[in-house]
Amino acid sequence: QVQLVESGGGLVQVGGSLRLSCANSGRTFSSYAMGWFRQAPGKEREFVAAIVWSGGSTYYADSVKGRFTISKDNAGNTVNLQMNSLKPEDTAVYYCAAKRLGLGVVYRARDYSSWGQGTQVTVSS
């Protein structure tokens, strides 16, 4: 079973950077795609980025392309999201999620079967 725990959220000024991490305390990610989603107050949960654990293919929402980088640490069984040039509209609760390969698509939240508890990111102007 995949058990996910996010860390690294916080308060940052416009233009600043944060690094989120998602640790798996359960089984290996090897047959999974890992995604980051975010949800702002009053809005639906939206796709941010994803990475296929085996092979490392990455996917990004247009709104974060060029500013965010998703990566994986095989040794630590961890997925990271480096967020640069942060904007106020990036403010949200960020969630890490895991999806079995071959099921659904990486950008659709309902296709993910395991979720972390979320971590708050606030970008102040």
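Above this note sits the structure.
So, a few notes on the structure that sits alongside this text.

**Considerations on the overall build of the protein chain**
On a plain count of helices and strands, the protein chain comes out with zero helices and eleven strands. The linear arrangement of helices and strands in the protein chain, starting from the amino end, is β-β-β-β-β-β-β-β-β-β-β. Here the protein chain has a C-alpha radius of gyration of 13 Å; the compact-globule value for 125 residues is 14 Å, and the two agree. In the protein chain, which comprises 125 residues, the share counted as buried stands at 43%. Summed over all atoms, the accessible surface of the protein chain reaches about 6200 Å², with 46% contributed by carbon and sulfur. Charge-centre separation for the protein chain: the mean point of 13 positive side chains lies 5 Å from the mean point of 8 negative side chains.

**Examining the environment of S31**
Inspection of the secondary structure assignment puts S31 in the loop between β3 (18–24) and β4 (32–39). Look past the residues within four positions of S31 in its chain and what remains in contact with it is K99, R100 and L101.

**Some words on the pairing of strand β7 (residues 68–73)**
Pairing geometry for β7 and strand β8 (residues 78–83), over six bridges, is antiparallel. Within β8, the residue paired with T69 across the bridge is Q82. Linking β7 back to β8 in an antiparallel pair, the connection comprises four residues, with N77 at a positive phi of about 50°.

**A short note on the sheet that holds β7**
Within the open sheet, the four strands sit side by side as β1-β3-β8-β7. Their pairing is antiparallel. Edge positions in the sheet fall to β1 (4–7) and β7, since each has one partner strand and no second. If you compare each strand with its neighbour and ignore which way they point, the axes differ by 15° on average.

**Notes on the pairing of strand β5 (residues 46–52)**
With six of seven residues buried, β5 is to be regarded as a mostly interior element. By the bridge criterion, six bridges tie β4 to β5 in an arrangement that is antiparallel. Within β5, the residue paired with W36 across the bridge is A49. Taken together, β4 and the strand that follows it, β5, pair antiparallel across an intervening segment of six residues, in which G42 is found at a positive phi of about 80°. Two elements, β5 and strand β6 (residues 58–60), share three bridges in a ladder whose sense is antiparallel. Among the inter-strand pairings, A50 is bridged to a residue of β6, identified as Y59. Joining the antiparallel neighbours β5 and β6 is a turn of five residues, in which G55 adopts a positive phi near 110°.

**Concerning the nonpolar core**
Of all hydrophobic cores here, the largest spans 37 residues; its most connected members are M34, W36, V79, L81, M83 and Y94. Elements supplying a minimum of two residues to this core: β3, β4, β5, β7, β8, β9 (92–100) and β11 (119–124). In terms of residues, this core owes the most to one element, β5, which gives six residues. In this view, M83 contacts G16, S17, L18, L20, R67, F68, Y94 and V121; residues no more than four positions away in its chain are not counted.

Reading the values: rules and limits
- Residues numbered from 1 in each chain as written.
- Predicted model: local features only at pLDDT ≥ 70, side-chain atom pairs only at ≥ 80, totals over all residues.
- Heavy atoms only, no water.
- Helix = DSSP H or I, 4+ residues; strand = E, 2+ residues; numbered from the N terminus.
- Rg over C-alpha atoms; globule rule 2.2 N^0.38 Å.
- Buried < 20%, exposed > 50% of the residue type's maximum accessible area, 1.4 Å probe, protein only.
- Areas by Shrake-Rupley, 256 points an atom, 1.4 Å probe, with all protein chains shown as cover.
- Lys, Arg positive; Asp, Glu negative; His and termini not counted.
- Charge placed at Lys NZ, Arg CZ, Asp CG, Glu CD.
- Contact = heavy atoms within 4.5 Å.
- Pairing = 2+ DSSP bridges.
- Axes fitted to C-alpha atoms, helices over the stretch in contact; angles between N-to-C directions.
- Core = buried A, V, L, I, M, F, W, Y, C linked by side-chain atoms within 4.5 Å.

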